[in-house]
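Summary of the model geometry
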Amino acid sequence: MGHTYAITELAGTSEKGIEDAIHGAVATASKTLRNLDWFEVKEIRGHLKDGKVEKYQVVLRLGFRYDEK
């Protein structure tokens with residue numbers, strides 16, 4: 001039998017890079033959500049200051065499985 005998932009969106013930011021923003025967002029979500037199984041990067045953007053990249057932001061969709069009891 002297959003699984004049932006709930007999907008939530010969140011945004012992670014980082015001054016280091018896109019990968020760091022993803023890891024930070026997933027780490028924060030995993031503190032309160034159980035059964036995280038997958039993520040999808042929906043959007044990537046950043047903040048510029050004085051013509052240079054200051055921060056990266058990624059919008060993620062996270063899928064987490066409902067408990068099967």
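Residues numbered from 1 in each chain as written. Predicted model: local features only at pLDDT ≥ 70, side-chain atom pairs only at ≥ 80, totals over all residues. Heavy atoms only, no water.

Here we look at the overall build of the chain
Along the chain, the regular secondary structure elements total one helix and three strands. In sequence order, the chain lays out its α and β elements as β-α-β-β. Scaling as 2.2 N^0.38, a compact globule of 69 residues should have a C-alpha radius of gyration of about 11 Å, whereas the chain reaches 14 Å, well beyond that. When the backbone C-alpha atoms are referred to their principal axes, the chain occupies close to 55 × 20 × 15 Å. Within the span of the chain, comprising 69 residues, buried residues form 20% of the whole. Long-range contacts, defined here as pairs at least 24 residues apart, represent 66% of the contacts in the chain between residues at least 6 apart. About 5200 Å² of surface is accessible on the chain, with carbon and sulfur atoms providing 50% of the total. Each charge class in the chain can be summarised by its mean position, and for the 11 positive and 11 negative side chains these summaries are 4 Å apart. (Helix = DSSP H or I, 4+ residues; strand = E, 2+ residues; numbered from the N terminus. Rg over C-alpha atoms; globule rule 2.2 N^0.38 Å. Buried < 20%, exposed > 50% of the residue type's maximum accessible area, 1.4 Å probe, protein only. Contact = heavy atoms within 4.5 Å. Areas by Shrake-Rupley, 256 points an atom, 1.4 Å probe, with all protein chains shown as cover. Lys, Arg positive; Asp, Glu negative; His and termini not counted. Charge placed at Lys NZ, Arg CZ, Asp CG, Glu CD.)

Thoughts on the pattern of salt bridges
Under the defined criterion, the tally for this structure stands at six salt bridges. The partner of E40 in a salt bridge is R61, with the nearest N and O atoms 3.2 Å apart. With E40 in strand β2 (residues 36-49) and R61 in strand β3 (residues 52-65), this residue pair connects regions lying 21 residues apart in the sequence. On the basis of relative accessibility, which here comes to 25%, the residue R61 falls in the partly exposed class. One salt bridge in this structure joins E43 and R45, with 2.3 Å as the shortest N-O distance. Judged by its relative accessible area of 39%, R45 is partly exposed. (Salt bridge = Lys/Arg side-chain N within 4 Å of Asp/Glu carboxyl O.)

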